[in-house]
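Here is how the chains run, residue by residue.
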There are 2 protein chains.
Amino acid sequence: MSGAASRQPLKVALLGCGSVGSEVARLMTTHADDLAARIGAPVELAGVAVRRAGRSRPGIPDELLTTDAKALVKRGDIDVVIELIGGIEPARTLITTAFEHGASVVTGNKALLAEDGPALYEAADRHGVDLYYEAAVAGAIPLVRPLRESLAGDKVNRVLGILNGTTNFILDKMDSSGAGYSEALDEATALGYAEADPTADVEGYDAAAKAAILAGIAFHTRVRLDDVHREGITEITAADMASAQRMGCTVKLLAICERAADGRSVTARVHPAMIPLTHPLASVREAYNAVFVEASAAGQLMFYGPGAGGSPTASAVLGDLVAVCRHKLKGGNGPGESAYTQLPVGPMGDVVTRYHISLDVADRAGVLAHVAAIFAEHDVSIDTVRQQGKDGEASLVVVTHRAPDSALRAVVDELRKLDSVRGVASIMRVEGE
Amino acid sequence: MSGAASRQPLKVALLGCGSVGSEVARLMTTHADDLAARIGAPVELAGVAVRRAGRSRPGIPDELLTTDAKALVKRGDIDVVIELIGGIEPARTLITTAFEHGASVVTGNKALLAEDGPALYEAADRHGVDLYYEAAVAGAIPLVRPLRESLAGDKVNRVLGILNGTTNFILDKMDSSGAGYSEALDEATALGYAEADPTADVEGYDAAAKAAILAGIAFHTRVRLDDVHREGITEITAADMASAQRMGCTVKLLAICERAADGRSVTARVHPAMIPLTHPLASVREAYNAVFVEASAAGQLMFYGPGAGGSPTASAVLGDLVAVCRHKLKGGNGPGESAYTQLPVGPMGDVVTRYHISLDVADRAGVLAHVAAIFAEHDVSIDTVRQQGKDGEASLVVVTHRAPDSALRAVVDELRKLDSVRGVASIMRVEGE
């Protein structure tokens, strides 16, 4: 270790000093000896770009603070840039500028990677530097490295995950207490699990960005945020949760990336779904994240842990920092990204899964026969039907066998036209069986 | 990809062609294009060392087969040696010979790494080649890479895992069916989960070797098989399992590697223990493996998957093959191993945990007072006591608060001397709370 400590330090620029950034700076100090031993040389914080000047940051010498991020990444003596400001611009320009000046980049910026990852991977490769981003997906859970490296000799067929802690907290609360969506959201907000504007979480944008990144790595192809089918959880009701429970299920917001059966395309989607209580993802509580990976040779793997938060995310950033610093010191670089399979992303209509459909119908003879005929017409095979009636109104719950999403959509369109169907109360996919 | 395919192939020697080796050879053929794209050059099987000559292996050209493993690793044109013969010798000599001839090594040999890992890591480092071994611990579950790389910027405090599929199958069977140990072992043997001689599994040797490897990586120090306290599952009875269930627990064979509270030493141990049903490890069924990792910044992470079997283990081998081939092609090498913390391994007596002790006692007044006095004398605080009596005989179940193992041992020694204690029926640790 004395050998490591006596070498020239590697210089690190930190862009952004919020909850993750300040924790990264803190850990770089408290773990300095361990980092030096593991890398082979000390790492030194050489500059910290912040939005507002004039405010001291505990543990960070004032002279390191700057509001000029651009000048910092252009300094020329920086070995690694840690980008934690998020969003598309100026993050993208700062990262590419860092590459041009020979610095490797560690980032947790899921929005940017989901939007423009491949161009950035290529830019890093062109400049012979690294772009690492374990922190962009599921916080501290090692997921990018296992998919890019551990499973590099295998064929991943499916990634099925809970990638957003806020929505998992809300759904878990609804499941355990019988609360409705708004009530559960209020509790999440009060406890700090949901932001004042929860749109990015509850509408599934956050999970969709992570799904795009994971699908790209898992299938070695390009998947952008716009390619991901996205539905949020705002319309999930206490009644939906109760229906799920009656089926021995719970409701989770799932991100699902799949290779098509013929292997010629992939799909990526984020939506609420029922999963059986016997599935390991069903027992992921509160704001935890977990990801199931199915690979040809490895079989089923699961990765579980805290998906957000300053400390867990900082842990992921520092793991990447050690890797890129080692490359700076000893040569080599990370596996880079390959989109060599060039598999196209199929539309949601191609997705094949099961459905749980809840209908409000007139309570009279023959309704089930009409409804069943429409399913049959579109080749959507029915697994079970449950009828419940009172006072001339009745509800009909249909659970199907596996069918393409497009066929199910056609069924629902026709059901809506039936006189005897007063309304389609809910449609939910059933996964993990 | 045409770029990758047109490069000089990297040459791979395979030592051992059993269930894992033959699967590695098969996947190298079926995934050849993917491997070439991910590595940047094709990989070619250049020789396969087998024990017995004259037998064809499906999918492997006869001219690649040899019984002279030593000559194969000395050929000089081999880039990577995959060692899957297991055991200490000749595996050790073959691996070091491979290093001397410039080859990197991928191995699944837990016995050798637990015995002599540090010397081998150093030898690899000295020769500027890689030693990778994801397959040595928990089959397909990415565990070595997450610990060595993803958590490289964090501080691991505890690793708690189910590392042996055979014993997990047996205990799961006992838990779900009420079967005794022998009956559950018979079923495991009949289904192929236990070998004809199950000693290495049921006595905990297999899990202890893996625990030694994990403890070394997690704490950056040297832990050998002999440093690991080891108890098997052969004495677990249906009554123990029933006691566990009464406490809302189940019994698992756990491997536990911990940093001492003062940070100055580590401990590693394998023994059966009760864990609460609410702990994620409690729901690991059949022959699956799972490992909980607790780190200062990351918090609690869990990794789950198939811990053995030809295909899953081959997946781990191929992931490592891609990594070491990339290094051969593009420079750099793996993180290597560091034992820089030089933390000593403490004795079992230093371990602090809770205990569940079952005593057969005389059914008369004053017994509990005598028993409780002995616990108090050794500062072992009692959490709960349950008494059950019939016909002059009674059982007393004591569950303690956390106490050092040495204190508990002293308590048990004195209990055995008490007239009113007819016998100590079982002592089991309680973990995961």
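Named according to an unreviewed UniProt entry, chain A is Homoserine dehydrogenase originating from Streptomyces coryli. UniProt, in the comment section headed Function (unreviewed entry), describes chain A in these words: "Catalyzes the conversion of L-aspartate-beta-semialdehyde (L-Asa) to L-homoserine (L-Hse), the third step in the biosynthesis of threonine and methionine from aspartate." Recorded in UniProt under Cofactor (unreviewed entry), the annotation for chain A is "a metal cation".

Residues and elements named next belong to chain A. The residues that UniProt annotates with the feature "binding site: NADPH" (unreviewed entry) are K110. Exposure remark for K110: the relative accessible area of 26% places this residue in the partly exposed category. Ignoring any residue separated from it by four or fewer positions in sequence, one finds K110 in contact with A136, D206, A209, K210 and I213.

Turning next to the relation of the copies chain B and chain A. The two copies are related by a screw operation: chain B maps onto chain A through 180° of rotation and 0.0 Å of translation along the axis, at an RMSD of 0.0 Å. The transformation relating the two chain copies, once decomposed into turn and shift, fits a two-fold axis. Minimal C-alpha distance to the rotation axis in chain B is attained by B:G332, lying at 1.9 Å. When the interface residues of chain B are mapped onto chain A, 96% of them are again interface residues, pointing to one common binding face.

Another aspect to go through is the pattern of salt bridges. For the structure shown, the criterion picks out 47 salt bridges over all chains. Measuring nitrogen to oxygen at the nearest pair gives 2.3 Å for the salt bridge that ties B:D116 to B:R92. Of this pair, B:D116 sits in helix α6 (residues 110-126) while B:R92 is found in helix α5 (residues 91-100), placing the two residues 24 residues apart along the sequence. Since its relative accessible area comes to 24%, B:R92 is described here as partly exposed. Where salt bridges share partners, they join A:R145, A:E149, A:D320, B:R145, B:E149 and B:D320 into one cluster.

Attention now moves to the side chain of B:S150. Its location among the elements puts B:S150 in helix α7 (residues 144-150). Exposure remark for B:S150: the relative accessible area of 5% places this residue in the buried category. Looking at B:S150, its side chain comes within polar contact range of the side chain of A:R145, at 3.2 Å. Those residues in contact with B:S150 that lie beyond four places of it in its chain are A:E134, A:P142, A:R145, A:S315, A:G319 and B:R145.

What follows concerns the interface of chain B and chain A. Between chain B and chain A, the residue contacts involve 47 residues of the former and 45 residues of the latter. Between chain B and chain A, the buried area comes to about 4,000 Å², and carbon and sulfur atoms account for 55% of it. Counting every contact that joins chain B to chain A gives two salt bridges. Note that B:E149 is salt-bridged to A:R145, the shortest N-O span being 3.6 Å. Linking chain B with chain A are 22 residue pairs in polar contact (both at pLDDT 80 or more), by the criterion used here. At the level of secondary structure, the elements contributing two or more residues to the side of chain B that touches chain A comprise α3 (32-39), α7, β11 (288-295), β12 (299-306) and α13 (310-330) of chain B. Among the elements that make up the side of chain B that touches chain A, the one with the highest residue count is α13(B) (eight residues). Considered class by class, the residues forming the side of chain B that touches chain A number 24 nonpolar, 14 polar and nine charged.

Moving on: the environment of B:I95. By the secondary structure assignment, B:I95 is in helix α5. B:I95 has contacts with B:E83, B:V105, B:T107, B:L112 and B:L120, leaving out every residue within four places of it along the chain.

Basis of the calculations
- Residues numbered from 1 in each chain as written.
- Chains lettered and ligands numbered in written order.
- Predicted model: local features only at pLDDT ≥ 70, side-chain atom pairs only at ≥ 80, totals over all residues.
- Heavy atoms only, no water.
- UniProt positions renumbered as here; feature names shortened; annotations may be inferred.
- Buried < 20%, exposed > 50% of the residue type's maximum accessible area, 1.4 Å probe, protein only.
- Contact = heavy atoms within 4.5 Å.
- Least-squares fit on C-alpha atoms with pLDDT ≥ 70 in both.
- Salt bridge = Lys/Arg side-chain N within 4 Å of Asp/Glu carboxyl O.
- Helix = DSSP H or I, 4+ residues; strand = E, 2+ residues; numbered from the N terminus.
- Polar contact = N/O pair within 3.5 Å; in protein donor to acceptor, adjacent residues only side chain to side chain.
- Buried area = accessible area lost by both parts, 1.4 Å probe.
- Nonpolar A, V, L, I, M, F, W, Y, C, P; charged D, E, K, R; others polar.

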